[in-house]
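Tertiary structure, described
Spelled out from the first residue to the last, the chains are:
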Amino acid sequence: MNQPSIPLSPIPADVRERIIQSAVDLYAQAGHEAFPTVDQVRRAARVDMNAASSVMREWRRQQTVKAAPVAVTIPEAVAQANTVALAALWSQAQALANESLRSAQASWETERGELDAMRQELAEAYETQAAEIERLNAQLVQQAEALERERTSAQDALQLAAEAERSAAVLVIQLEAANAAIVQAEARYELSDKNTQQARQAEQGARIAEQACQARLESAARELEAQRLELAETRAAAKCSGEEAAELRGRLAAFTERSGIESEARAAVVYASELPDQAAPEPRKKATPAKAKAGKQAKLDS
């Protein structure tokens, strides 16, 4: 469908062509039954509302205005030349003029209705666009608030990360110190273990030495007890020997008095006095007083 030319306006040619093409396409999609709205054309052509409304106004006017014959006044000379012949023609022309007027009035009414509809569409589009702008502004405010919260959260996270990094550095230092302390403790433990083993060995040696000393002490105690017993026996034997010597002295004195032999008496006395000294070096013989007395008696008899 060929479109009539549209008077030039300050709107760029490429924008104008895009608006007209979008209007034609939308009008064709509607089956040529209803003109597309300004907002639809604006969205399809991706232009501003002023350019869309201006071009759409011209485009709609061209769609509704049709070529109609213009009523021309019949010159007087022609009317006088053929009044009768032109009466019928004039009547027909008048009817055509009236029809053209009615058509123009109808077109004007239609255009006025379309202009009113366009104004309504523009108002609705403006309100829709204002609501959309307000919604977008609210979204922008929400996004700005969200970004501010995220920025604050990011700063807090950075601070926490810095604190965590410092804490990690301190923990690393403490861990290194703990590892060094563990190494030192292990070294001391090894040394202490060695010292403990040495102490255990020394303790075992001391126990063995103590057991040996205890055995020697017990042996010495047994020997001392045996010596005490032997000394007691020796003392008892010496006492018996003294008694026997005293008895022998009495008998020798009596014998001396009886026999009168002084030399033998002295010899007997000397012998008797030497008997305790000779019995002391032999404590282990355990001679009973009876046996000692019998032995001395045998010596005297000899």
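Now for a description of the structure that goes with this document. For clarity, every value in this text was computed on a predicted model and none was experimentally measured.

Take the overall build of the chain next. A count of helices and strands for the chain gives 7 helices and 0 strands. In sequence order, the chain lays out its α and β elements as α-α-α-α-α-α-α. When each of the 302 residues of the chain is scored for burial, the buried share is 18%. For the chain, the share of sequence-separated contacts (at least 6 apart) that also reach a separation of at least 24 residues comes to 64%. Only carbon and sulfur atoms are counted for the fraction: they give 57% of the accessible area of the chain, which is about 22,200 Å².

Another point: unusual backbone geometry. Only a minority of non-glycine residues have a phi that is not negative, and only a minority of peptide bonds are not trans. A positive phi is found at His32, a non-glycine position, where the angle reads about 60 degrees. Mapped onto the elements of the fold, His32 is located in the loop between α1 (13–29) and α2 (38–45). Positive phi outside glycine occurs at Arg46, with the angle close to 60 degrees. Position of Arg46 relative to the elements: it lies in the loop between α2 and α3 (49–64).

Let's shift gears to the pattern of salt bridges. By the definition in use, this model includes 6 salt bridges. Residue Arg43 is joined to Asp39 by a salt bridge in which the shortest nitrogen-to-oxygen separation is 2.9 Å. Residue Arg43 and its partner Asp39 are both found in helix α2; the two are separated by 4 residues, about one turn of the helix. The buried category is assigned to Asp39, whose relative accessible area is 17%. Notably, a salt bridge pairs Arg207 with Glu203, separated by 2.7 Å at the nearest N-O pair. Taken together, the positions of Arg207 and Glu203, both in helix α5 (residues 83–259) and 4 residues apart, correspond to about one turn of that helix. The network of salt bridges with common partners includes Asp39, Arg42, Arg43 and Glu132.

On to the nonpolar core. In terms of nonpolar packing, the biggest core is built from 18 residues, with Val15, Ile19, Val38, Val47, Met56 and Trp59 touching the most fellow members. Every residue in contact with Met56, bar those within four places of it in the chain, is listed here: Ile19, Ala23, Pro36, Val38, Val41 and Met118.

Taking 1.5 Å per residue as the helical rise, α3 with its 16 residues ought to reach 22 Å, and the 22 Å between its terminal C-alpha atoms agrees with that figure. Of all 16 residues in α3, 13 are buried, a share of seventy percent or more. The N-cap residue of α3 is Asp48: its side-chain oxygen and the backbone nitrogen of Asn50 are 3.2 Å apart.

A few words on α1. Here α1 spans 24 Å end to end across 17 residues, near enough to the 24 Å set by a 1.5 Å rise per residue. Turning to α1, the residues buried within the fold contact α2 and α3. With its phi angle positive at about 75 degrees, Gly31 sits one or two positions after the end of α1.

Right, let's talk about the side chain of Ser22 for a bit. By the secondary structure assignment, Ser22 is in helix α1. Side-chain polar atoms of Ser22 contact the backbone oxygen of Arg18, separated by 2.8 Å. When residues no more than four places from it in sequence are discounted, the contact partners of Ser22 are Val41, Ala44 and Ala45.

Rules of the game
Residues numbered from 1 in each chain as written. Predicted model: local features only at pLDDT ≥ 70, side-chain atom pairs only at ≥ 80, totals over all residues. Heavy atoms only, no water. Helix = DSSP H or I, 4+ residues; strand = E, 2+ residues; numbered from the N terminus. Buried < 20%, exposed > 50% of the residue type's maximum accessible area, 1.4 Å probe, protein only. Contact = heavy atoms within 4.5 Å. Areas by Shrake-Rupley, 256 points an atom, 1.4 Å probe, with all protein chains shown as cover. Salt bridge = Lys/Arg side-chain N within 4 Å of Asp/Glu carboxyl O. Core = buried A, V, L, I, M, F, W, Y, C linked by side-chain atoms within 4.5 Å. Expected span 1.5 Å × (residues − 1). Polar contact = N/O pair within 3.5 Å; in protein donor to acceptor, adjacent residues only side chain to side chain.

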